[in-house]
Amino acid sequence: NIASVIQNNTSAGGLVLSGPGTLNITTSTNTFGGGITINSGILSFDSDARLGDASNGITFNGNGGLTTVTSAVTIGSGRTITLNNGARATVAISNVAGNAIAGQITGTGGLTGTAGGSTGTTLALTATNNNFTGPIQIGTSTQATGLTVSSLVDAAAPGTGDISLGSTSGSG
């Protein structure tokens, strides 16, 4: 857990996650720049302000995750999410309405969206310039999770991407 403010000293250094496990950021507002890099592991937060400067991008160089806890979170429009090396980013959203990714999602990786409960919460991808080329998986075999999308583009091979749905029954 990080409960202290994360800020720059003399230059922006960013935040890098490597290794298994979950890093919980619980500070009210962080000001660091330099972006966030997830090589592996999970970053857990309950507010976009926990992610530092509003222009900090989030880069996945390997499979990892973002988890929102206890409240609806919108990841701001200034935060580009880059999926490198075919990485799969899992976004586990809290079980309340209003979760969104407003920044562009780009790169060669894929996205998995899951909800924190069984009532079928929706994740909204609200950017109109998403162009990641990997697969999308929504929910699990026992959980209905919704997805609303403003834009999906696969410029390399239009119409060939995979979208996998979890549970198609239940209250989602």
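Parameters and conventions
- Counting starts from 1 at the beginning of each chain's written sequence and moves along it residue by residue.
- Residues qualify for local features only when their pLDDT is at least 70, as the model is predicted, and side-chain atom pairs are given and counted only at 80 or more; totals for whole chains, interfaces and linings, by contrast, use all residues.
- Just so you know, side-chain values use all the structure's heavy atoms and leave hydrogens and water out.
- pLDDT: the predictor's confidence for each residue, scored from 0 to 100.
- Contacts are residue-level and defined by heavy atoms, with any inter-residue pair within 4.5 Å sufficient.
- We treat two strands as partners when DSSP finds at least two bridges between them.
- Here a strand is any run of E in DSSP of at least two residues, a helix any run of H or I of at least four, and the numbering for each starts at the N terminus.
- The rule is simple: take the accessible area with a 1.4 Å probe, protein chains only, and divide by the maximum for that residue type; under 20% is buried, over 50% is exposed, in between is partly exposed.
- Buriedness for pockets is judged along seven lines, at least five of which must meet protein on both sides within 12 Å for an open set on the 1 Å grid over protein atoms alone, while cavities are sets there where a 1.4 Å probe fits but cannot get out, and lining residues have an atom within 4 Å of a point.
- Grid points are joined across faces, edges and corners, and a volume is the space filled by probe spheres set on the points.
- Lys, Arg, Asp and Glu make up the charged group, whereas Ala, Val, Leu, Ile, Met, Phe, Trp, Tyr, Cys and Pro make up the nonpolar group; the residues left over, Gly among them, are polar.
- We define the nonpolar core as a collection of buried residues of types Ala, Val, Leu, Ile, Met, Phe, Trp, Tyr and Cys that are connected through side-chain atoms lying within 4.5 Å of one another.
- Axis lines are fitted to C-alpha atoms, over the contacting stretch for helices. Their N-to-C directions set the angle, which ranges from 0 to 180 degrees.
- Polar contact is the term for a pair of N or O atoms within 3.5 Å; when the atoms are in protein, one must be able to donate a hydrogen and the other to accept it, and sequence-neighboring residues count only if both atoms are side-chain atoms.

Of the residues in the chain, 78% have a pLDDT of 70 or more, and the chain-wide mean is 82. Confidence over residues 168-172 falls short of pLDDT 50; this stretch has 6 contacts with residues more than four positions distant or in other chains.

To continue, consider the sheet that holds strand E10 (residues 99-101). In spatial order, the strands read E7-E10-E13-E15; together these 4 strands make up an open sheet with parallel pairing. A single partner strand is all that each edge strand has here, and the edge strands are strand E7 (74-75) and strand E15 (146-149).

A few words on unusual backbone geometry. Located in the positive-phi region is asparagine 85, a residue other than glycine, with phi close to 55 degrees. Note that asparagine 85 resides in the loop between strand E8 (81-83) and strand E9 (88-93). Residue asparagine 85 is classed as exposed on the basis of its relative accessible area, which comes to 64%.

Left-over empty space is what a probe sized like a water molecule reveals as it rolls over the atoms. Tallied over the full model, the rule gives 1 cavity of 30 Å³ or more. Taken as a whole, the largest cavity holds about 30 Å³ of empty space. Every element with two or more residues in the lining of the largest cavity is listed here: E9 and E10. Counted by class, the lining of the largest cavity contains 7 nonpolar, 2 polar and no charged residues.

The next point concerns the nonpolar core. Taken as a class, soluble globular proteins show a tendency for nonpolar side chains to be buried jointly. Within the largest apolar cluster, 31 residues are counted, with the highest numbers of intra-cluster contacts made by Leu43, Ile58, Phe60 and Leu66. Per element, the largest residue contribution to this core is 3 residues, and it comes from E9.

The next subject is the sheet that holds strand E5 (residues 58-60). Across the sheet, which stays open at both edges, the 5 strands sit in the order E1-E3-E5-E8-E11 with parallel pairing between neighbours. Looking at which strands have only one partner, the edges of the open sheet turn out to be strand E1 (15-17) and strand E11 (105-107). Between one strand and the next, the sheet's axes are offset by a mean angle of 15 degrees, whatever the strand orientation.

Along the chain, the position of asparagine 130 falls in the loop between strand E13 (122-125) and strand E14 (136-138). Of the residues examined, asparagine 130 reaches a relative accessible area of 1% and is grouped as buried. A polar contact is formed between the side chain of asparagine 130 and the backbone nitrogen of isoleucine 105, at a distance of 2.8 Å. A distance of 3.4 Å separates a polar atom in the side chain of asparagine 130 from the backbone oxygen of alanine 127.

What follows deals with the pairing of strand E6 (residues 64-68). Counted residue by residue, E6 has 4 buried out of 5 residues, so it is predominantly covered. Where strand E4 (residues 42-45) meets E6, 4 bridges bridge the pair, whose relative direction is parallel. Looking across to E6, one finds that serine 44 is bridged to threonine 67.

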